[in-house]
Amino acid sequence: MSAQAVTGHEEADSRRWWALAVIAIAQLMIVLDITIVNIALPSAQRDLGISDADRQWVITAYTLAFGGLLLLGGRLGDLFGRKRVFIIGLLGFALASALGGAAVSPAMLFGARALQGAFGALLAPSALGLLSTTFSNPKERSTAFGIFGAIAGGGAAIGFIAGGLLTEYLNWRWCLFVNSPIAVVTALAAFRVLNRDHIARGRRIKLDLPGALLGCGGLLAIVFGTSEAVTRGWSDGLVIGSLLLGVVLLGVFVLVEKRSAHPLLPIHIVAERNRGGGALSVGLAMVGMFGLFLFLTYYMQAIKHFSPVVSGISFLPMTAAIVLSSTGVAARLMTRVPSRNLITPGLLLAAGGMAWLTQMKVDSPWAAMVLPSVLLIGFGMGLVFMPAMSLATLGVAPNEAGAASATINSAQQVGGSLGTALLNTIAASATASYLSTRLAGGPLVRAQGAVHGYVVATWVAMGVLLLAALVAFLMIDHRPAPGEATAVPGAVEVPAAVDGSVVDGAVLDGRPSPRAAAIADVRAHVQPGVRAETGAERPPAD
């Protein structure tokens, strides 16, 4: 590659840090919107006359559309250009948020939340795919993914804070309205700072419609089943039927994808042990994290009688710990140590924080019980999210980055939905069993029963995090390449072409070209610091 070409590439990427800001804001909006509505839900329920049986649909409508359509959203970014899909997702999210804030009936609010989820499914995979293709330098990539991982881990806690402030000082509608101006401004910024990756009509591959129907249908069925388990219980026929249908559809989806010329989700993406191990670890971690948010919110508001604002602020130490460990520790070590040496200890730290919470009592002080636990959990999860997000798209061909991004996003969403349903059911059952053996007339006994349920569910969450640590230790074996920590010359990244291939023949349709294979062979056999014989580093032309 000539010096002129390199200079041109550097100029093209001169705004990449502005691009990171745009991508980070979009990711923050997606993550916090899952939780920002939680605190506003009681007010919205009273205002619109939503029944207790139907109130869950304010949350479920979003998670259903978001979790079910992620695979399709990721592939659309690969086919039509991630910048275009990213901007469409932002504008659609702004419109859906405005409709939700202006809702005059329960049905209108449910529909707006489903639209938010659908456009979020376009936005989330494109954001991660854009991040992966924008930052190829190892040191810059670690910094960018450190920031992105901090947002992915801390955004939910920020949602609780924002929801509390908006609900207490304005009203619940602003929990939705606030997205619209942010999304529109972010879309305008994205139009200016993101690199163009439009794919010409004649060079697009066909969309895998059977795969889209099976994959999205399977995810929809699983998310629906786990969501309904909150109110119906795990033994309900609809819940069992939905979960079984989801498993069957995803099984058929795998068989179809193996035979498809242009699969919605190329099987080799999830079959690769590092990406598969990272996605599975994050999915299991989200089971515990979403359960934690649920129980701590109830504990602080119903048991400790904190206001919505104070409850939200109580999550700030966790957010700060996630940001510190992601950007200050994981980002610095990602290019120096094997990925599992970050992810596994991180999950063990988070499990330790859960173990601390199992000692909670009705009269436990926040500073001695909640604060140490959320600091441990936050610091641990900061070590998990960043390297796992990086592994999700590391080494993936640019024309498959959206599908790879959707995979880990789907793992997060399904894990969070499953965790909310599973741990909520366990807590409710444990509380009922506790109260059945006592006189449940007094408020203190009822509070003790509720805390007992939280503790039992927290033990389960701790077990899930330990399982995630075991999965990460056994499956993830990625090690940083020599020189990544200092970004030494020789590992030059090449820019992606608009059709999804890589310039200079490095990757085409997910497979290394002969030139790229020759380069890899030379690097594997030439020791660092030793000059090869003349011509040894010049591989044959393709």
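Right above here is the structure, for reference.
Nothing here was measured: the structure is a model prediction, and the numbers come from that model.

Undergrad: When you look at the packing of helix H2 (residues 16-48) against helix H8 (residues 179-193) in this model, what are you seeing that I'm missing?
TA: What describes two packed helices is the angle between their axes and the distance between those same axes. Viewed as axis vectors pointing N to C, H2 and H8 meet at an angle of 150°, and their least axial separation amounts to 9 Å. If you check the angle between H2 and H8, you find them roughly antiparallel. The hand of the H2/H8 crossing is left-handed. Of H8, the residues touching H2 (which contributes Trp18, Ala19, Val22, Ile25, Met29 and Asp33) are Asn179, Ile182, Ala183, Thr186, Ala189, Ala190 and Val193. Grouping the amino acids of the contact of H2 with H8 by side-chain chemistry returns 10 nonpolar, 2 polar and 1 charged.

Undergrad: Would you take a moment to explain the environment of Phe145 for this structure?
TA: Structurally, the position occupied by Phe145 is in helix H6 (residues 138-169). Assessed through its relative accessible area of 0%, Phe145 is described here as buried. Distance from Phe145 to Ala388, taken between C-alpha atoms, is 9.3 Å for residues 243 residues apart in sequence. Residues contacting Phe145, with those up to four places away along its chain left out, are Leu128, Leu131, Ser132, Met386, Met389, Ser390 and Thr393.

Undergrad: I'm lost on the nonpolar core in this one. Help?
TA: Looking at soluble globular proteins, one finds that nonpolar side chains tend to be buried together. Formed by 95 residues in total, the largest nonpolar core has its most connected members in Phe86, Leu131, Leu347 and Ile377. In terms of residue count, the dominant contributor to this core is helix H12 (residues 273-303) (15 residues). Ignoring any residue separated from it by four or fewer positions in sequence, one finds Ile377 in contact with Met289, Leu292, Met318, Ala350, Gly353, Met354 and Leu357.

Undergrad: What is the right way to read the packing of aromatic side chains from this model?
TA: Note on aromatic pairs: each is described by the distance of the centres and the angle between the planes. Within the structure shown, the criterion is met by 2 aromatic pairs. Centre to centre, the rings of Tyr62 and Phe66 are 5.8 Å apart; their planes meet at 20°, and the pair counts as stacked. With a gap of 4 residues between them, Tyr62 and Phe66 both fall in helix H3 (residues 57-80), about one helical turn apart. Of the two residues, Tyr62 and Phe66, both sit in the buried class. Ring centres of Trp174 and Phe177 lie 5.5 Å apart, and the angle between their planes is 70°; this geometry places the pair in the edge-to-face category. One end of the pair is Trp174 and the other is Phe177, both in helix H7 (residues 174-177) and 3 residues apart, which spans about a single turn. Since its relative accessible area comes to 40%, Trp174 is described here as partly exposed. With a relative accessible area of 26%, Phe177 lands in the partly exposed category.

Undergrad: Explanation requested: the pattern of salt bridges in the structure shown.
TA: As a working rule, side chains carrying opposite charge can pair if their charged atoms are close by. Tallied over the entire structure, the rule returns 2 salt bridges. Here Asp47 ties to Arg173 by a salt bridge, and the two come within 3.4 Å at their closest N and O atoms. Here Asp47, found in helix H2, pairs with Arg173, found in the loop between H6 and H7; they are 126 residues apart in sequence, far enough to count as distant. Residue Asp47 is classed as partly exposed on the basis of its relative accessible area of 44%. As a salt-bridge pair, Arg273 and Asp477 come within 3.6 Å of each other at their nearest N and O atoms. With Arg273 in helix H12 and Asp477 in the loop between helix H18 (443-475) and strand S1 (507-508), this pair connects stretches of sequence that are 204 residues apart.

Undergrad: What exactly am I supposed to notice about the side chain of Ser281 here?
TA: Within the element layout of this structure, Ser281 appears in helix H12. Not counting residues up to four positions away in its chain, the partners in contact with Ser281 are Leu347, Ala468, Val471, Ala472 and Ile476.

Undergrad: What's the story with the packing of helix H15 (residues 340-357) against H18 in this structure? I'm lost.
TA: Between H15 and H18, whose axes approach to 8 Å, the crossing angle comes to 170°. Comparing the axis directions of H15 and H18 gives the class roughly antiparallel. In contact with Arg340, Ile343, Thr344, Leu347, Leu348, Ala350, Ala351, Met354, Ala355 and Leu357 of H15, H18 contributes Val455, Thr458, Ala461, Met462, Leu465, Leu466, Ala468, Ala469, Ala472 and Phe473. Looking at the contact of H15 with H18 residue by residue, the class counts come to 17 nonpolar, 2 polar and 1 charged.

Conventions adopted
Residues numbered from 1 in each chain as written. Predicted model: local features only at pLDDT ≥ 70, side-chain atom pairs only at ≥ 80, totals over all residues. Heavy atoms only, no water. Axes fitted to C-alpha atoms, helices over the stretch in contact; angles between N-to-C directions. Helix = DSSP H or I, 4+ residues; strand = E, 2+ residues; numbered from the N terminus. Parallel < 35°, antiparallel > 145°, perpendicular 65-115°, else oblique. Left-handed = near helix turned anticlockwise from the far one by under 90°. Contact = heavy atoms within 4.5 Å. Nonpolar A, V, L, I, M, F, W, Y, C, P; charged D, E, K, R; others polar. Buried < 20%, exposed > 50% of the residue type's maximum accessible area, 1.4 Å probe, protein only. Core = buried A, V, L, I, M, F, W, Y, C linked by side-chain atoms within 4.5 Å. Phe/Tyr/Trp six-rings, centres within 6.5 Å; stacked < 30°, edge-to-face > 60°. Salt bridge = Lys/Arg side-chain N within 4 Å of Asp/Glu carboxyl O.

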